[in-house]
Amino acid sequence: MAEPERDREPVTAEAVLRELRLFELSCQGEEVPDKLVELCLSHGLGPVALANELLAFVTSKDLDLQLTPGLDAFEHEVLAKRSSRSRRGRDERRGLLHDIHSLQELLDEEEEDKLLDAYTTPSKGSQKRSNSTPETPRPKRAPSSRSPYGLFSPGSFSPSVTPSQKYSSRGGRGEVVASFGPVRSPAWSGRGGCTVKLFGCPEENLTKPYKFMFQKALDVREALAGRVEELGEVLRRAPRPGRLHLDRAPRLVRSQPPFWGEAPLFWGETPRFGVPQEPVTVLGQISCDGNGKLNAKSVLLVGDREHSGGAQVPLDLSELPEYSLFPGQVVALEGTNSTGRRMVVSKLYEGIPLPFHTPTEPMPEQRMVLVACGPFTPSDGVAFEPLSDLLEVVARDRPDVCILLGPFLDAKHEQVESCQLLGSFSDVFRLCLRTIIEGTRSAGSQLVLVPSLRDVAHDFVYPQPPFPFPDLPKEDRARVLLVPEPCTLDIDGVVFGLTSTDLLFHMGAEEISSSSGISDRFTRILRHILTQRSFYPLYPPSEELNVDYENLSAFAALPVTPDVLVTPSELRFFIKDVLGCICINPGRLTKGQAGGTYGRLLLRRDRPGDRPGDHRGDHPGDRPGDRPGDRPGDHCGDRPGDRPGDNPGDHPGGRPGDHRGDHPGDRRGDHPGDRPGDHPGDHPRDDPRSSPCVAAQVVRI
């Protein structure tokens, strides 16, 4: 136990006598106080500790309370034994568990030992030349099992530091379980000199904490209504056959008898007391008519304020051949409401993805990016073995950028939930970050740290501000980037969308769909993220999430369509090309007690064979080199064999009027099997795009 603060004052005769007087102990002779001071200095005791030892000795021996110069018996019987126990205890404590205070004590003791060793004469054996050679150099500092530096790891804070048996015995280490790009294995290594920054202006990114839990219901409604109006304007201006037209200021009509406790409101340019018979196009947000899960019979459309005053109408989806809907989705619908009670939907218009970013500077050379998501510990301990293995991978492959997403100290971990750690959450968390920063320093990788709402030592609000780490070493400040959750990253002109929230799981639990063809749920959800232009378009959100809607609209909206979207999830890992965006779920580094996976990507923007000035897949504003007559963003000319009347970009042999990107002979309005954009409602990229992500893999740790 640490001594009180007053015992850390300088050892003087006055301080010793003051403590003795508290126990009615007195000294006989002038030399006794000097002897007591000598005992304090020689045995490393303070005035309080010495007084306690003297009182115990005098009481046990039934001696007089007046101390005499003969203190040899006290020194021999008490202090000498105490010193031997202290030395033995020091050695034993090096092999035991520690908290943050005992670890610091061990570090101080080791520094003292080094200082004493500097004044001793080395033995003859120690003067022999070392056996190290240039081929097998001896490390400058190799922490031994007795050194506290060997114990200075997050595992020191766990009541169970026994390595996870299941994790240690895992198989398939280094196995590639998912891949994208060329079959031939590329060289997975970095080259250094990479530039990493948050995309956009500083005011467009969340860079500091903010006050939360103060939002009003009116502010939430304004944020949601603003999003509907913004995406509605995008739908109105979208290029499509037959421009989408939303009736301006339609009247609200009432039907009798009322239900839901009040008369329902519907849209349409009809007389005051009439029922709309002609098809109308309306804008709104998908919702559910109850608190349960959305299904085909419980879908509501909550209208926008401008056209319908936020009124609701039930939807009949039986006429739609295929659809994919989730609560919070902003859509435009065409249909009729002949009965006055339910709108029969005939057409569904979804959102349109944003354009890609067009960098002004070429990428100097190929880049490698490593991506891993927590938890970084197995569920049966806080030994951080998976994190240690990942740092070995970083040291071996030396990626240009290392992106680590939380949780770093998981709030769902059993020992965290039961508060069994031997240090505070913030102490363990800071030690984990320090281990990561020091472990990636030798590789020279740019380190990006993304928080998670499952990080027990961080703000539990979405969007989430970056980690506060004021004691970041100066030598690492240029290469360590602390970013918010979610965020958009610029890596040498390649845009990454990063989120540690399990959006795939949240939306997958709420989405409903109907399709006569082969349906891929992951692709549908990823399309929704891109077309809704938000990192979290689900409303109401999952119960696991505390959302601040004012900051959600400001900092969780996609500024552009990212080149790479990283969406870690508990669901199965994958790599997919969705609307020209490479979407990767690298999985989690641990799965319970077993090992998990991580991802790695190769980036290269300029490919061999491009003509001078060409930029395959650019957006409006292509540089010189495109052929005359090309539309902005088109590849060099239409495809050969287009017949007169074909739209630009049709496949050879396309019939007149085909949509861009249709298969040969596809007709307008085709359904199952069509590529995105064949029938009204889909809004794909007009032309195939060459992604700057040339290869990607998911690998077992």
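Remember, it's a predicted structure, so these values are computed and weren't measured experimentally.

Conventions adopted
Residues numbered from 1 in each chain as written. Predicted model: local features only at pLDDT ≥ 70, side-chain atom pairs only at ≥ 80, totals over all residues. Heavy atoms only, no water. Helix = DSSP H or I, 4+ residues; strand = E, 2+ residues; numbered from the N terminus. Buried < 20%, exposed > 50% of the residue type's maximum accessible area, 1.4 Å probe, protein only. Contact = heavy atoms within 4.5 Å. Areas by Shrake-Rupley, 256 points an atom, 1.4 Å probe, with all protein chains shown as cover. pLDDT = per-residue confidence, 0-100. Pairing = 2+ DSSP bridges. Axes fitted to C-alpha atoms, helices over the stretch in contact; angles between N-to-C directions. Polar contact = N/O pair within 3.5 Å; in protein donor to acceptor, adjacent residues only side chain to side chain. Parallel < 35°, antiparallel > 145°, perpendicular 65-115°, else oblique. Left-handed = near helix turned anticlockwise from the far one by under 90°. Nonpolar A, V, L, I, M, F, W, Y, C, P; charged D, E, K, R; others polar. Core = buried A, V, L, I, M, F, W, Y, C linked by side-chain atoms within 4.5 Å. Phe/Tyr/Trp six-rings, centres within 6.5 Å; stacked < 30°, edge-to-face > 60°. Lys NZ or Arg CZ within 6 Å of the ring centre and 35° of its normal. Expected span 1.5 Å × (residues − 1).

### Quick look at the overall build of the protein
So, step 1. Scanning the protein for helices and strands turns up 15 helices and 26 strands.
So, step 2. Counting the 701 residues in the protein, one finds 48% classified as buried.
So, step 3. The contacts in the protein between residues at least 6 apart in sequence include a share of 69% that link residues at least 24 apart.
So, step 4. When the accessible surface of the protein is summed, it comes to about 34800 Å², and 51% of that surface belongs to carbon and sulfur atoms.

### Description of the confidence of the model for the protein
So, step 1. Averaged over all residues, the pLDDT of the protein is 77; the fraction at 70 or higher stands at 69%.
So, step 2. Low confidence marks residues 247-274, where pLDDT is under 50. Its contacts with residues over four positions away, or in another chain, come to 72 contacts.

### Here we look at the sheet that holds strand E14 (residues 401-405)
Hydrogen bonds between backbone groups are what pair the strands of a sheet, and the pairing can be parallel or antiparallel.
So, step 1. Read from one edge to the other, the open sheet built from seven strands follows the order E3-E26-E25-E13-E14-E15-E16, with strand pairing classed as mixed. Edge positions in the sheet fall to strand E3 (176-180) and strand E16 (480-482), since each has one partner strand and no second. The sheet shows a mean angle of 15° between the axes of neighbouring strands, taken without regard to direction.
So, step 2. Here strand E25 (residues 597-603) runs beside strand E26 (residues 693-700); their pairing, made up of seven bridges, is antiparallel. If you follow Leu601 over to E26, its bridge partner there is Ala696.
So, step 3. Taken strand by strand, helix H10 (residues 385-397) contacts strand E13 (367-373), E14 and E25, and its axis lies near 180° from that of E13.

### Re the environment of Glu233
So, step 1. Its location among the elements puts Glu233 in helix H8 (residues 217-236).
So, step 2. Owing to a relative accessible area of 31%, Glu233 belongs among the partly exposed residues under this scheme.
So, step 3. On a C-alpha basis, the gap between Glu233 and Leu283 in space is 9.9 Å, while along the polypeptide they are 50 residues apart.
So, step 4. Only 2.9 Å separates the side chain of Glu233 from the side chain of Arg236, close enough to count as a polar contact.

### Structural notes on the packing of helix H1 (residues 13-22) against helix H3 (residues 47-61)
So, step 1. Look at H1 against H3: their axes get within 9 Å of each other, and the N-to-C directions meet at 45°. By the angle class used here, H1 and H3 are oblique. Two packed elements cross with a definite hand, and for H1 against H3 that hand is right-handed. Packed against H1, whose contacting residues are Ala15, Val16, Glu19 and Leu20, the element H3 presents Pro47, Val48, Leu50, Ala51 and Leu54 at the interface.
So, step 2. Of the residues that constitute the contact of H1 with H3, the class distribution is eight nonpolar, no polar and one charged.

### Things to note about the packing of H1 against helix H2 (residues 31-43)
Any two packed helices are characterised by the angle at which their axes cross and by the distance between the axes.
So, step 1. The interhelical angle for the contact between H1 and H2, taken along N-to-C directions, is 100°, at an axis separation of 9 Å. Overall, the two elements H1 and H2 adopt an arrangement that is roughly perpendicular. Residues Ala13, Val16, Leu17 and Leu20 of H1 pack against Pro33, Leu36, Val37 and Cys40 of H2.
So, step 2. Taken together, the residues that form the contact of H1 with H2 break down as eight nonpolar, no polar and no charged.

### Quick notes on the side chain of Arg170
So, step 1. Inspection of the secondary structure assignment puts Arg170 in the loop between helix H7 (165-168) and E3.
So, step 2. What makes Arg170 buried here is its relative accessible area of 14%.
So, step 3. At 3.1 Å, the side chain of Arg170 forms a polar contact with the side chain of Asp389.
So, step 4. Sequence-distant contacts of Arg170, defined by excluding residues within four places in its chain, comprise Asp389, Gly595 and Ile701.

### Here's the deal with the sheet that holds strand E7 (residues 280-288)
So, step 1. Strand order around the closed barrel formed by five strands is E7-E8-E9-E12-E11, with mixed pairing between neighbours. Across the sheet, the mean angle from the axis of one strand to that of its neighbour is 60°, orientation sign disregarded.
So, step 2. Here strand E8 (residues 299-303) pairs with strand E9 (residues 312-316) via three bridges, running antiparallel. Following the sheet pairing, Val302 is matched in E9 by Gln312.
So, step 3. Along the sheet, H8 contacts E7, strand E11 (330-336) and strand E12 (343-349); its crossing angle with E7, the most-contacted strand, is approximately 140°.

### Section: the pairing of E25
So, step 1. Here E25 lies mainly inside the structure; seven of its seven residues are buried.
So, step 2. On E25, burial covers both faces: Thr597, Gly599, Leu601 and Leu603 on one face and Tyr598, Arg600 and Leu602 on the other are all buried.
So, step 3. In the sheet, E13 pairs with E25 via five bridges, with the strands oriented antiparallel. Within the sheet, the bridge partner assigned to Met368 lies in E25 and is Leu602.

### Some remarks on the nonpolar core
So, step 1. One finds Leu390, Leu404, Phe408 and Tyr598 to be the most contacted residues of the largest nonpolar core, which totals 34 residues.
So, step 2. Elements with a minimum of two residues in this core: E13, H10, E14, helix H12 (425-441) and strand E15 (446-450).
So, step 3. Per-element tally for this core: the top contributor is H12, with six residues.
So, step 4. Filtering out sequence-adjacent residues up to four positions away, Leu404 remains in contact with Ala372, Phe376, Leu390, Ile436, Leu447, Val448, Leu449 and Val450.

### Considering the packing of aromatic side chains
So, step 1. A complete count under the given rule lists eight aromatic pairs for this structure.
So, step 2. Judged by centre distance (6.3 Å) and plane angle (75°), the rings of Tyr210 and Phe212 are edge-to-face.
So, step 3. Classification of Tyr210 as buried rests on a relative accessible area of 15%.
So, step 4. Site record: aromatic cluster; members linked through ring pairs are Phe376, Phe408, Phe429 and Phe467.
So, step 5. Cation over ring: Arg170 sits above Tyr167, and NZ or CZ is 4.0 Å from the ring centre.
So, step 6. Lying across the ring of Phe574, Lys576 places its NZ or CZ 5.9 Å from the centre.

### Remarks on H8
So, step 1. Compared with the 28 Å implied by 1.5 Å per residue over 20 residues, the 29 Å span of H8 between its first and last C-alpha is a close match.
So, step 2. Among the structural elements, E7, helix H9 (305-308), E11, E12 and helix H15 (549-555) are those in contact with the buried residues of H8.

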